[in-house]
Amino acid sequence: MPTPFNESVIEEFRANGGKVGGPFEGGDLLLLTTTGARSGKETTAPLGFVRHGETLLVIGSNLGAPHHPAWYHNLLAHPVVRVELGTRTFQALAVPAQGARREELFAHAVRAAPGYADYQARTARLLPVVVLERAEPEGWEPPRDVTTLADKVMEVHTWLRDQLRQVKAEVDAHFAARAAHRGPGAPPPPGLGLQIRQRCLAFCQSLEFHHTSEDDHLFPGIARYHPHLTDTFARLAREHRTIARIQGELVALLADIGITDPERFRAELDRMSTELNAHLDHEEEQILPLLAGVPWPPATEPASPAEPAAQTEPTAQTEPTEPTEPTAQTD
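All values derive from a computational prediction rather than experimental measurement.

Right, let's get into the overall build of the protein. If you tally the helices and strands in the protein, you get eight helices and seven strands. Counting all 331 residues of the protein, 46% fall into the buried class. For the protein, restricting intrachain contacts to residue pairs at least 6 apart in sequence, the fraction spanning at least 24 positions comes to 73%. Carbon and sulfur atoms provide 53% of the accessible area of the protein, an area that totals close to 16200 Å².

What follows covers the side chain of glutamine 247. Its location among the elements puts glutamine 247 in helix α7 (residues 230-254). A polar contact is formed between the side chain of glutamine 247 and the backbone oxygen of cysteine 204, at a distance of 3.5 Å.

On to the pairing of strand β6 (residues 88-96), then. Each regular strand displays side chains that alternate between the two surfaces of the sheet. Of all nine residues making up β6, seven are buried, and the element is well covered by its neighbours. Pairing analysis gives six bridges linking strand β5 (residues 80-85) to β6, with the strands arranged antiparallel. Bridging across to β6, valine 80 finds its partner in leucine 93. Taking the residues between adjacent antiparallel strands as the criterion, β5 and β6 are bridged by two residues, where glycine 86 takes a positive phi near 65°. Sheet topology places β6 next to strand β7 (residues 129-134); five bridges connect them, and they run antiparallel. Each residue of the ladder has a partner; that of leucine 93, found in β7, is glutamate 133.

For the structure on display, the rule yields 15 salt bridges. Close ionic contact of arginine 161 with glutamate 284 constitutes a salt bridge, the shortest N to O distance being 2.8 Å. Of this pair, arginine 161 sits in helix α5 (residues 149-180) while glutamate 284 is found in helix α8 (residues 262-291), placing the two residues 123 residues apart along the sequence. The burial state of arginine 161 is the same as that of glutamate 284; both residues are buried. Here arginine 271 makes a salt bridge to glutamate 268, at a shortest N to O gap of 2.9 Å. One end of the pair is arginine 271 and the other is glutamate 268, both in helix α8 and three residues apart, which spans about a single turn. For arginine 271, a relative accessible area of 38% puts it in the partly exposed group. Glutamate 268 sits in the buried class, given a relative accessible area of 12%.

This brings us to the nonpolar core. Within the largest apolar cluster, 27 residues are counted, with the highest numbers of intra-cluster contacts made by Phe203, Phe265, Leu269, Met272 and Leu276. Counting only elements with at least two residues in this core, the list comes to α5, α6 (194-223), α7 and α8. Residues in contact with phenylalanine 203, not counting those within four places in the same chain, are Leu160, Gln163, Leu164, Met272 and Leu276. Listed in part, the 18 residues of the second largest apolar core include Leu30, Ala45, Leu56 and Leu75.

Strand order in the open sheet made by the seven strands is β2-β1-β5-β6-β7-β4-β3, with antiparallel pairing throughout. Two strands close off the open sheet at either side, each with one partner strand: β2 (42-48) and β3 (50-52). This sheet shows a mean twist of 35° between the axes of neighbouring strands, independent of strand direction. Judged from the three bridges that link them, strand β1 (residues 29-35) and β5 form a sheet pairing that is antiparallel. Bridge pairing in β5 places leucine 32 opposite valine 83. Along the sheet, helix α3 (residues 99-112) makes contact with β3, β4 (55-59) and β7, crossing β3 at roughly 125°.

In this model, tryptophan 296 is joined to proline 297 through a cis peptide bond whose omega is 0°. Mapped onto the fold, proline 297 is located in the segment after α8. Even without glycine at this site, asparagine 62 takes up a positive phi of about 50°. For asparagine 62, the location among the structural elements is in the loop between β4 and α2 (70-77). The backbone phi angle of leucine 63 is positive, close to 60°, even though this residue is not glycine. Relative to the helices and strands, leucine 63 resides in the loop between β4 and α2.

Scoring rules and cut-offs
Residues numbered from 1 in each chain as written. Predicted model: local features only at pLDDT ≥ 70, side-chain atom pairs only at ≥ 80, totals over all residues. Heavy atoms only, no water. Helix = DSSP H or I, 4+ residues; strand = E, 2+ residues; numbered from the N terminus. Buried < 20%, exposed > 50% of the residue type's maximum accessible area, 1.4 Å probe, protein only. Contact = heavy atoms within 4.5 Å. Areas by Shrake-Rupley, 256 points an atom, 1.4 Å probe, with all protein chains shown as cover. Polar contact = N/O pair within 3.5 Å; in protein donor to acceptor, adjacent residues only side chain to side chain. Pairing = 2+ DSSP bridges. Salt bridge = Lys/Arg side-chain N within 4 Å of Asp/Glu carboxyl O. Core = buried A, V, L, I, M, F, W, Y, C linked by side-chain atoms within 4.5 Å. Axes fitted to C-alpha atoms, helices over the stretch in contact; angles between N-to-C directions.

Structural data, given as structure tokens:
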């Protein structure tokens, strides 16, 4: 829970378009909303930030305390965060920097805000430097015209395919970098790294949300009006369970990235890609024609029997935002 002081800062920030007075007056401040690692509840923290080119950085200083701040543990469990910056609100993927990149970014942060060096001097722990990246896959452009529920489901499917493709590309790049290392200098670390972990975990959580929404709302809504598709929905439910088992394997492997077997992870990721793409292809063939006449966004009036699924929003992860503005960091 935010402290009374933080609550007052958050209230002032939102009431004044990101401007606050007191000790933060004139400083760079953002609001970071994370999902609790254990509770699953959203918590908002006002944080100082540092800009680095076109990325935003936040530092887990916790004022030099011996433990990382709660928001840092939360973003390791739930990598997609919400950022409020001035009058803008957007989602971002939170990725702690590692190794030489962390050292470079921390040095940049200290040049911008020397107080971080004092916080680091107070504690034996290494202060995390978190980069707030684009939450959507690289190159993602949301469709301009989403007027039916079929369009919306297709948007979600495309986002999931692109997110999985980006994770696979990052894993392949990791293996290629290790294979290409020659001569002096240390090779890339054997572990997969937090960049891959955070994006893959975000993908798995989005996929779980989407399939749960389909199982609990979309499919039952359609099935009521199309009983002849009983076998189709039974097959889709079986495929969801198969994909959930692979997803569980991936999440378990990501629990401790330092000891994860990269080869095993890559094999599970390939299996996920094969199963998921086949599943999405089959679902689109069977389900999208039934949703082509259902308006999106849903009408405010009750749906007619011809529009059984108009009340359902397949996923909350389909409105990517653009943390393309420089990054910020403060605790």
